[in-house]
Amino acid sequence: MLNERQKFANFLRFCSKSLLLDQGMQVHGALVKMGFGFDLMLSNDLIVMYGKCGSLGVACDVFDRMLKRNVVSWTALMCGHIQNGNPLESLLLFSKMGLSGVKPNDFTFSTNLKACGLLNGLDIGRQIHDICVKTGFDMVNVVGNSIIDMYSKCGRINEAACMFEVMPSRNLISWNAMIAGYTVAGFCEKALVLFQKMQEGGGFLDEFTFTSTLKACSDLGAIKEGKQIHAFLITGGFLYSVNTAIAGALIDLYVKCGKLFMARTVFSHIEEKHVISWTALILGYAQEGNLAESMDLFRQLRESSIQVDGFILSSMMGVFADFALVQQGKQMHAFAIKVPSGVDISVCNSILDMYLKCGMINEAERLFSEMPARNVISWTVMITGYGKHGLGKEASRLFDEMQSDSTEPDDVTYLAVLLGCSHSGLVEKGQEYFSRLCSYHGIKARVEHYACMVDLLGRAGRLKEAKNLVDSMPLEANVGIWQTLLSACRVHGDLELGKEVGDILFRLDSENPVNYVMMSNIYADAGYWNECERIRELVKSKKLKKEAGRSWVEIDKEVHFFYGGDDTHPLTAKIHEILKEMERRMKEELGYVYGVKYALHDVEEESKMENLRVHSEKLAIGLALVCGGLEEGRKVIRVFKNLRVCGDCHEFIKGLSKILRVVFVVRDANRFHRFEDGLCSCRDYW
């Protein structure tokens, strides 16, 4: 009889290990027939087996019918809850266990500390830690490791480090947990120091050690240290070519450090390429601007036996959205419809974002209305899109509709609707939403929300109210909020407040060229040329360089980039020729003159005009016109810029849309401008 009992136990443990639910159920039926239905050991094995096989309801039934339970019974069911994605149930069970008189063991503590980490339940985690200290379990490796992991996941890296330091002995998991904790928390230098100590101690290193440390190198851009680890892997005989996790971490390191040749070399040596490695390399080429190579790699991935997952689809959509690649985005949408992962809500959200960032509001609206399911991200993306297109009323309507649909907005949604109100001048509506946010206990207003309100009031010319809001806010004002206020001072020509805000920015952020450029422009607009020149000289002496203006346009699936004054494009001569022709027509038909106040003040008038003609957005438009933009039937030209579009270019494109009867859609750093028949969708409010 005893031998029969052990056979059942062995069978159940094999079914647990191999996830054989059907066979496990057959064993369950057999042991009940044999009279072992209430056997403590076998009941525990059944709970483990059902938990691991995903049949937690049956595991609970077995637990509930037990005549007697020990610590293994309770802990097995707790593990089952965590394995099936319900850590809260594990903690509730832990509380019931305390009332039952059964004492927890090291695995009980470890399991529930893990539950706290998953739930970000710092307070409960601390309570369990206190119990462990009182009972001495905190010095047991498995518990100590779980305490480190719990504090790391709850964002308390210093408390995790304290636990690591007081442990009387550490195993591989202890070191890995601490290195991973430092890396995730952003203390990557400390992670590398710990890795070095681990090496010096002669301890065993595994794939988790290497992947966490390589991620730390990636986040730091520490290519030298990353290469040393790569060399160590080779000399130490670690076959990263068959370990997809380490290979993926190496590729990610080289991609993030801009060493695509090395990334490609590692990739070529991998025996079984994982979708993560493919994704890292594909995105690496895309982010470097080599879209042709990126798309070729994606084609190879599609032709391989590897299933394209939702992550790479979302990531590729993100690339197309950032570069506003309409045709590639549409093709990827068509492909996504044909694969199982294409229906993932994250993929649908990425497609929605792509259409909005490409200026295709109608396609985005159609997709949004047809989505089988929406989450808070879906609504937020659509609200953000409406706001960027200057459709503040639509953003407001959707925000209200979202709550009627039983989807609660989060802090990012509030940010989106406030931006929408700001871009459309809906001051009262924005104030209503901000008041609602401040009185809503579920979300705390962040400095970004206050910045939106400063922008809203500033754009509307209510600069005193904007300044009062900054002075009275309960949070410390950051550089961004002062820059927002300074920008409003320039728009409305408030030199006195501008000087006050500029002085604050120079103290807070003295090495940021943007602050000096903004202040210089304010002085220039007011005609204070000496002050303007003084600030320019200060920028030169500090050797500061502002981000270069860059515009791009997609023609026949190829992206063409232009910088201000760029003469490297092979069609430069034709671009200048057509721009001059457009200027001539606009002068004759509309009386257009250059907005020379947007050019450098210390050059001749003719030079000012030349300077304005070579602004990057005009060059991009010029190329579009050279390459078929004037053909009959061409209705929309899309151009994109990394900075705010300048006033002269704004007027120029308005005039161009009128004389050519072509729609120009321009996406700048802040919003979309749709130019049609001499008018802009922003109503000159940007």
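Above this text you will find the structure in question.
Being a predicted model, the structure only gives us computed values, none of them experimental. (Residues numbered from 1 in each chain as written. Predicted model: local features only at pLDDT ≥ 70, side-chain atom pairs only at ≥ 80, totals over all residues. Heavy atoms only, no water.)

Colleague: Explain the layout of surface pockets to me, please; I cannot follow it from the model alone.
Modeller: Any empty space left between the atoms is revealed when a probe the size of a water molecule rolls over them. The space that makes up the second largest pocket amounts to roughly 420 Å³. What lines the second largest pocket is a set of 21 residues, among which Gly-248, Ala-249, Asp-252, Ile-276 and Ala-280 lie closest to the centre. Taken together, the elements giving at least two residues each to the lining of the second largest pocket come down to α13 (207-220), α15 (244-256) and α17 (275-287). Each residue belonging to the lining of the second largest pocket can be placed in one class, and the counts come to eight nonpolar, nine polar and four charged. (1 Å grid on protein atoms, 1.4 Å probe; cavity = no way out; pocket = protein on both sides within 12 Å on 5 of 7 lines; lining within 4 Å. Points joined across faces, edges and corners; volume = space filled by probe spheres on them. Helix = DSSP H or I, 4+ residues; strand = E, 2+ residues; numbered from the N terminus. Nonpolar A, V, L, I, M, F, W, Y, C, P; charged D, E, K, R; others polar.)

Colleague: For this particular structure, what's the right way to read empty space enclosed by the protein?
Modeller: Considering all chains together, one arrives at one cavity of 30 Å³ or more under this definition. A volume near 40 Å³ is recorded for the largest cavity. Residue assignment for the lining of the largest cavity shows that the elements contributing at least two residues are α23 (376-388) and α25 (411-424). Residue classes in the lining of the largest cavity are distributed as two nonpolar, four polar and one charged.

Colleague: Just checking my understanding: could you explain the nonpolar core for this structure?
Modeller: Grouped burial of nonpolar side chains is what soluble globular proteins tend to show. One finds Met-178, Ile-251, Phe-298, Leu-313, Leu-352, Ile-481 and Trp-482 to be the most contacted residues of the largest nonpolar core, which totals 183 residues. Apart from the residues within four sequence positions on either side, Phe-298 is in contact with Ile-282, Val-308, Ile-312, Leu-313, Met-316, Met-332 and Phe-335. Judged by nonpolar contacts, the second largest core, of 28 residues, contains Ala-620, Ile-637, Ile-653 and Phe-675. (Core = buried A, V, L, I, M, F, W, Y, C linked by side-chain atoms within 4.5 Å. Buried < 20%, exposed > 50% of the residue type's maximum accessible area, 1.4 Å probe, protein only. Contact = heavy atoms within 4.5 Å.)

Colleague: Would you explain helix α3 (residues 40-52) in this entry?
Modeller: Along its 13 residues, α3 runs 19 Å from first to last C-alpha, staying within 8% of the 18 Å computed at 1.5 Å per residue. All of the buried residues along α3 are Leu-42, Ser-43, Asn-44, Asp-45, Leu-46, Ile-47, Met-49, Tyr-50 and Gly-51. Looking at where α3 begins, the residue whose side-chain oxygen comes 3.1 Å from the main-chain nitrogen of Met-41 is Asp-39. Two residues or fewer past α3, Gly-54 is found with a positive phi of approximately 85°. (Expected span 1.5 Å × (residues − 1). Polar contact = N/O pair within 3.5 Å; in protein donor to acceptor, adjacent residues only side chain to side chain.)

Colleague: Can you walk me through unusual backbone geometry in this structure?
Modeller: Glycine aside, a negative phi is what most residues show, and trans is what most peptide bonds show. Look at Asn-120: it is not a glycine, yet its phi comes out positive at around 55°. Of note, Asn-120 is situated in the loop between α7 (106-119) and α8 (122-135). Phi at Ser-406 is positive, roughly 65°, even though this residue is not glycine. Residue placement: Ser-406 occurs in the loop between α24 (392-404) and α25.

Colleague: Explanation requested: the sheet that holds strand β3 (residues 636-641) in the structure shown.
Modeller: Sheets are built from strands paired through backbone hydrogen bonds, the pairs being either parallel or antiparallel. Within the open sheet, the six strands sit side by side as β2-β1-β3-β4-β5-β6. Their pairing is mixed. One side of each edge strand has no neighbouring strand; the edge strands of this open sheet are β2 (558-563) and β6 (679-680). In terms of strand pairing, strand β1 (residues 550-555) meets β2 through six bridges, oriented antiparallel. Opposite Val-553, over in β2, you have His-560 as the bridge partner. (Pairing = 2+ DSSP bridges.)

Colleague: I would appreciate a short explanation of the pairing of strand β4 (residues 663-667) in the present structure.
Modeller: Side chains on a regular strand alternate between the two faces of the sheet. Burial analysis of β4 places five of its five residues in the buried class, the great majority of the element. Of the two faces of β4, the one lined by Val-663, Val-665 and Arg-667 and the one lined by Phe-664 and Val-666 are each fully buried. Strand direction decides the pairing type here: β3 and β4, joined by five bridges, are parallel. Bridging from a neighbouring strand, Val-636 pairs with Val-663 of β4. Crossover handedness for the path β3 to helix α36 (residues 647-660) to β4: right-handed. Summarising the sheet, β4 and strand β5 (residues 672-676) pair through four bridges and their orientation is antiparallel. Residue pairing across strands places Val-665 opposite Arg-674, the latter belonging to β5. Between β4 and β5, which pair antiparallel one after the other, the connecting turn spans four residues. (Right-handed = clockwise from strand over helix to strand, strands pointing away.)

Colleague: Where do I start with the pattern of salt bridges in this structure?
Modeller: If you walk through the whole model with that rule in mind, you get 36 salt bridges. Among the salt bridges present, the one from Lys-641 reaches Glu-617, with a minimum N-O distance of 3.0 Å. Here Lys-641 is found in strand β3, whereas its partner Glu-617 is found in helix α35 (residues 616-629), with 24 residues between them in sequence. Under the relative-accessibility criterion, Lys-641 is labelled buried at 10%. Of the residues examined, Glu-617 reaches a relative accessible area of 1% and is grouped as buried. (Salt bridge = Lys/Arg side-chain N within 4 Å of Asp/Glu carboxyl O.)

Colleague: Whenever I open this one, helix α2 (residues 21-33) confuses me. Can you help?
Modeller: With 13 residues, α2 extends 19 Å from end C-alpha to end C-alpha; this agrees with the ideal 18 Å at 1.5 Å per step. Gly-24, Val-27, His-28 and Leu-31 are the residues of α2 that are buried. Burial along α2 is one-sided: seen end-on, the buried residues are contained in an arc of 105°. In α2, the exposed positions that point more than 90 degrees away from the buried face belong to Asp-22, Gln-26 and Lys-33. Following α2 by one or two positions, Gly-35 adopts a phi angle in the positive range, close to 90°. (Arc of directions from axis to C-beta.)

Colleague: Can you help me understand a nonpolar patch on the surface in this one?
Modeller: Where nonpolar side chains cluster on the molecular surface, the patch consists of Leu-88, Leu-92 and Leu-119 and spans about 250 Å² of accessible area. Looking at the element boundaries, Leu-92 is found in helix α6 (residues 87-100). (Patch = residues over 30% accessible without salt bridge, like charges linked within 9 Å, V, L, I, M, F, W, Y side chains within 5 Å. Areas by Shrake-Rupley, 256 points an atom, 1.4 Å probe, with all protein chains shown as cover.)

Colleague: What should I look at first to understand the state of the cysteines in this one?
Modeller: As used in these notes, a disulfide is a covalent bond between sulfur atoms, one from each of two cysteines. Scanning the entire structure with this criterion turns up zero disulfides. For the unlinked cysteine Cys-60, the closest cysteine sulfur is that of Cys-79, found at 13 Å. On the basis of relative accessible area, Cys-60 is assigned to the partly exposed category, the value being 22%. Free cysteine: Cys-680, not disulfide-bonded; nearest cysteine sulfur from Cys-682 at 3.4 Å. Among the residues examined, Cys-680 registers a relative accessible area of 9% and is labelled buried. (Disulfide = S-S within 2.5 Å.)

Colleague: I'm lost on the pairing of β3 in this one. Help?
Modeller: Here β1 runs beside β3; their pairing, made up of two bridges, is antiparallel. Bridging from a neighbouring strand, Trp-552 pairs with Phe-640 of β3.

Colleague: I tried to follow the packing of aromatic side chains on my own but got confused; where do I start?
Modeller: The geometry of an aromatic ring pair is captured by the separation of the ring centres together with the interplanar angle, meaning the angle of the planes. Scanning all chains against the criterion turns up 17 aromatic pairs. Between Phe-164 and Trp-175, the ring centres sit 5.2 Å apart and the planes meet at 80°, which makes this aromatic pair edge-to-face. Linking Phe-164 in helix α10 (residues 157-166) with Trp-175 in helix α11 (residues 172-185), this pair joins segments that are eleven residues apart in sequence. We classify Phe-164 as buried; its relative accessible area is 2%. Overall, the relative accessible area of 17% leaves Trp-175 in the buried class. Ring-pair connections join several aromatic residues into one group, and the members of that group are Phe-94, Phe-109 and Phe-137. A cation over a ring is seen here: Arg-69 above Phe-63, with NZ or CZ 4.3 Å from the ring centre. Positioned over the ring face of Trp-379 is Arg-374, at 5.2 Å from the centre of the ring. (Phe/Tyr/Trp six-rings, centres within 6.5 Å; stacked < 30°, edge-to-face > 60°. Lys NZ or Arg CZ within 6 Å of the ring centre and 35° of its normal.)

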